[in-house]
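Fold and contact review
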Amino acid sequence: SDEVVRRLDFGDLELAYQFYCWYAKSNGFSIRKSHIVRNTCMKTLQQTFVCSCAGYRRVSTSDRRIQREKKESRCGCEAMFRVHVHFSTDRWYVTCWNFEHNHVLLDLKLSCLLAGHRKMSASDIMQVENYRKVGIRPPHMYATFANQCGGYEKVGFIRKDIYNEEGCMRRQHSSDARGALKYLYDLRKKEPMMYVSCTADEESRLQRLFWCDTESQLLYEVFGDVLTFDATYKKNKYLCPFLFSLV
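Focus: the overall build of the protein chain
Tallying secondary structure elements over the protein chain gives eight helices and nine strands in all. Evaluated residue by residue, the protein chain yields a buried proportion of 25% over its 247 residues. Sequence-distant contacts in the protein chain: of pairs separated by 6 or more residues, those separated by 24 or more amount to 43%. Put simply, the protein chain shows about 18,300 Å² of open surface, and 54% of that area lies on carbon and sulfur atoms.

Notes on the layout of surface pockets
If you roll a probe as big as a water molecule over the atoms, it shows you where there is empty space left. In this structure, the second largest pocket occupies an estimated 340 Å³ of space. Every residue lining the second largest pocket is counted, 18 residues in all, and those nearest its centre are Ser30, Ser52, Cys53, Ser73 and Leu114. When grouped by side-chain class, the residues that make up the lining of the second largest pocket number nine nonpolar, six polar and three charged.

Regarding the side chain of threonine 48
For threonine 48, the location among the structural elements is in strand β3 (residues 44-51). Beyond its immediate sequence surroundings of up to four residues, threonine 48 is in contact with Arg32, Lys33, Ser34, His35, Met80, Phe81 and Arg82.

Observations concerning the packing of aromatic side chains
In this structure the tally under the stated criterion is 13 aromatic pairs. Arranged with centres 6.2 Å apart and planes meeting at 10°, the rings of tyrosine 20 and tyrosine 23 form a pair that is stacked. A residue pair is termed a helical-turn pair when its members lie 3 or 4 positions apart in one helix, as tyrosine 20 and tyrosine 23 do in helix α2 (residues 13-27) at three residues. Relative to phenylalanine 157, the ring of phenylalanine 145 lies with its centre 5.3 Å away and its plane at 80°, an arrangement referred to as edge-to-face. With phenylalanine 145 in helix α5 (residues 138-149) and phenylalanine 157 in the loop between α5 and α6 (159-173), this pair connects stretches of sequence that are 12 residues apart. Of the two residues, phenylalanine 145 and phenylalanine 157, both sit in the buried class. One aromatic cluster is present, formed by Phe10, Phe19, Tyr20, Trp22, Tyr23, Phe29, Phe81 and Phe99 through successive ring pairs. The side chain of lysine 33 reaches across the aromatic face of tyrosine 17, ending 4.7 Å from its centre.

Observations regarding α5
With 12 residues, α5 should cover 16 Å at 1.5 Å per step; its first-to-last C-alpha distance of 16 Å lies within 8% of that length. Two residues or fewer past α5, glycine 150 is found with a positive phi of approximately 95°.

Some words on the packing of helix α4 (residues 122-133) against α5
Two elements in contact, α4 and α5, have axes whose closest approach is 11 Å; the angle formed by their N-to-C orientations is 135°. As far as their axial angle goes, α5 and α4 are oblique. The two elements α4 and α5 cross, and the hand of that crossing is right-handed. Across the interface between the two elements, Asp124, Gln127, Val128, Tyr131 and Arg132 from α4 touch Met141, Thr144, Phe145 and Gln148 from α5. In terms of residue class, the contact of α4 with α5 is built from four nonpolar, three polar and two charged.

Conventions adopted
- Residues numbered from 1 in each chain as written.
- Predicted model: local features only at pLDDT ≥ 70, side-chain atom pairs only at ≥ 80, totals over all residues.
- Heavy atoms only, no water.
- Helix = DSSP H or I, 4+ residues; strand = E, 2+ residues; numbered from the N terminus.
- Buried < 20%, exposed > 50% of the residue type's maximum accessible area, 1.4 Å probe, protein only.
- Contact = heavy atoms within 4.5 Å.
- Areas by Shrake-Rupley, 256 points an atom, 1.4 Å probe, with all protein chains shown as cover.
- 1 Å grid on protein atoms, 1.4 Å probe; cavity = no way out; pocket = protein on both sides within 12 Å on 5 of 7 lines; lining within 4 Å.
- Points joined across faces, edges and corners; volume = space filled by probe spheres on them.
- Nonpolar A, V, L, I, M, F, W, Y, C, P; charged D, E, K, R; others polar.
- Phe/Tyr/Trp six-rings, centres within 6.5 Å; stacked < 30°, edge-to-face > 60°.
- Lys NZ or Arg CZ within 6 Å of the ring centre and 35° of its normal.
- Expected span 1.5 Å × (residues − 1).
- Axes fitted to C-alpha atoms, helices over the stretch in contact; angles between N-to-C directions.
- Parallel < 35°, antiparallel > 145°, perpendicular 65-115°, else oblique.
- Left-handed = near helix turned anticlockwise from the far one by under 90°.

The following block contains the structure:
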């Protein structure tokens, strides 16, 4: 009620945000941070939180590419919650609020699936990593989480979040150095005489890499001369020299 809201104050801005998130989840909508007011020292004085359906989608006229039409998610909802810091106590009190929405609100079991309330815990991410290592696909992962939690509405995230997290893991585990070593070792399987050697530093980072294919070794036995080109000495993004040798 309005009387309760007038008496609210918070120890910091994050608590005010968490409170409005809890209220939004309980009432079937999600929120986002909006207008912020700072002083000359860039210290936050006022913060406004609005409904995720506030405002309207911006129409870009510069991009002429044909894009797939997306479902409209903003309808000009005026629900908001604004807090301001008190100069003497450094506590945040409510200055303006509006709890009226112009759109349909969801049930509690469905509001947890809104983008603002979906979150994967550290244990969930670790479990996704273990599933990924043994080759389990995201649809089966999501079904397993739903079975453990007692329903899809109790999982706390959707299948798309698993796909996004799996993509982040794949990008973290892949690197140029690992890709180069895999390529060279695959070549060595095809060419038994090919030589590949590498060293790593204390942090397991690639330090030195040398390879020589079968043809180069045979030519060196005949001619015995090597001409070295150094075209990218500490000019690439790794700041490492690259030497290219020709017989």
